[in-house]
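Next come the chains, spelled out residue by residue.
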Amino acid sequence: RERARTMAARRRPLCCCCCTGRCCTIIVVPILAVIIGSLYTPGPPYPSKGAISLKEVPRIRAGDMISLEAIFEHGGPVVIYDENYEANWNITKMKELCGHRNVSLISNATYTMLMALPEEIVSITEWFLLLLGSSSRLNEELSRRVRYPLSQYIDDVELQKAERQQQRGFQLPYIFRFAPTEIRLLFDVLLRPLYLHDVSLAQICPEIMADIQLPTFLSLNRLHFSPDPGIQFEVQQNPFIFLGPRNSMSYPLHQNIFTGDVVMVMAQGSKSFSLFHPRERSNLHPLGGLGSVVYAADGLEPDLWATPNLKHAQGWEGVLKAGESLYLPGKYIHQFQNEDLGPNIGLKFWVGGKPYVCPDGDCALVDRKANSFVAKKRKGEEDHVTLSIADYREIHQYDADIIEEVRVRCSNKGGCKKLGR
């Protein structure tokens, strides 16, 4: 009888054996340990940037420029630098004047995308969050980021800088390489440092605009005088602020939904970036389920196992430092990551030139405000004309008379260039 019981026990299926405490200890616990351990362990490094074909962005000294038009004529991305330019950003003053306001630490586009994820993806996400020690549900975490006190956020960034917590470079735990792309991109947002990004400075802290200086080539941005309502909606919000600690990133590799050209002014800190021409789209693994403007490839941390076509893509890379500006043509595919301990502060401007407002090539109508402003500034100063954000917004404030006249000219001359969303 004893021998029969022993033989029967040996013939039990594994699922029955695992009901015993000893089997759980021997089999289940090590498996869980491996899974949980892989969550916290980055694993083997991804291939280096040398595995893909990225070149340096051309650099031009601001003294060689006379206007934005000269930058547009370059035809591609370019870094503009000026050894004498300093933004004069005071983060303490920003906190004192505007710290009482609440800000969103997640963009409307990202929030909408995440809230629309299928229920099964949300369930898996919350399971991972639980293993990572979070007690919040996904919707609770997103709601917390939508309404965050600005003073507390600035304190958080300064605390990370003081404690030097963030190591250079960000990489998801190794197990996420095998997760669905939606899960990987979701955690690329959730596990990075919180980031104040892509919000109009006029909405959160207009009080500091008179103090912050801009490169003078921005003294005339003709896009502001376009009669197109969609352009006016975007451009009147210039500039958009990006403020965060090391490793913060607003979006994965993407194209802007609004297809205007961009100038990113690095007021403080530094950003690494990768850029690709739109013709490289097929090599960057576009994600149809998340919209045609988001890509699975990562130009900053290439993973040729997950995105093998990336090795065929050609693009640009670089680090944008304080005092430098990057011009990025519309529709270019791009990503940025903050590199200094913080705060890293960038200002984004939608920009455009003659095709939007000067159908016959004569731009005297829209240029007169900028020219008169510069002449007025030069009366009180010697050679160097300064340009604050407040100055910029004064020059480019909405002028119904000028815009109506531009609209008539565009209509009579066969139309002016428009942008899509």
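Coordinates for the structure precede this section.
None of the values given here were measured: they were computed from a predicted structure. (Residues numbered from 1 in each chain as written. Predicted model: local features only at pLDDT ≥ 70, side-chain atom pairs only at ≥ 80, totals over all residues. Heavy atoms only, no water.)

A. Quick look at the pairing of strand β13 (residues 344-351). By the criterion of burial, β13 is predominantly enclosed, with eight of the eight residues buried. Judged by which residues are buried, β13 turns out to be covered on both faces: Asn344, Gly346, Lys348 and Trp350 on one side and Ile345, Leu347, Phe349 and Val351 on the other are all buried. Of the strand pairs in this sheet, strand β7 (residues 240-244) and β13 are connected by five bridges, and their pairing is antiparallel. In the sheet register, Ile241 faces β13, and the bridge partner there is Leu347. (Buried < 20%, exposed > 50% of the residue type's maximum accessible area, 1.4 Å probe, protein only. Helix = DSSP H or I, 4+ residues; strand = E, 2+ residues; numbered from the N terminus. Pairing = 2+ DSSP bridges.)

B. Expanded view of the sheet that holds strand β2 (residues 59-61). Strand order in the open sheet made by the seven strands is β2-β3-β11-β8-β13-β7-β6, with mixed pairing throughout. Each having just a single partner strand, β2 and β6 (196-200) make up the two edges of the open sheet. Within the sheet, the average angular offset between the axes of one strand and its neighbour, ignoring direction, is 20 degrees. Pairing analysis gives four bridges linking β6 to β7, with the strands arranged antiparallel. Following the sheet pairing, His197 is matched in β7 by Phe242. (Axes fitted to C-alpha atoms, helices over the stretch in contact; angles between N-to-C directions.)

C. Seen up close, the environment of Ser107. Structurally, the position occupied by Ser107 is in the loop between β4 (102-103) and α6 (108-115). Residue classification places Ser107 among the buried positions, given a relative accessible area of 9%. Considered as a pair, Ser107 and Leu196 are 89 residues apart in the sequence and their alpha carbons are 8.8 Å apart. Among residues more than four places away in sequence, those in contact with Ser107 are His197 and Tyr251. (Contact = heavy atoms within 4.5 Å.)

D. Layout of unusual backbone geometry. For the peptide bond that leads from Asn238 to Pro239, omega is -10 degrees, which places it in the cis range. In this fold, Pro239 is placed in the loop between α12 (229-235) and β7. Here the phi dihedral of Asn88 falls at roughly 65 degrees; this positive angle occurs in a residue that is not glycine. Tracing the backbone shows Asn88 in the loop between β3 (78-81) and α5 (91-98).

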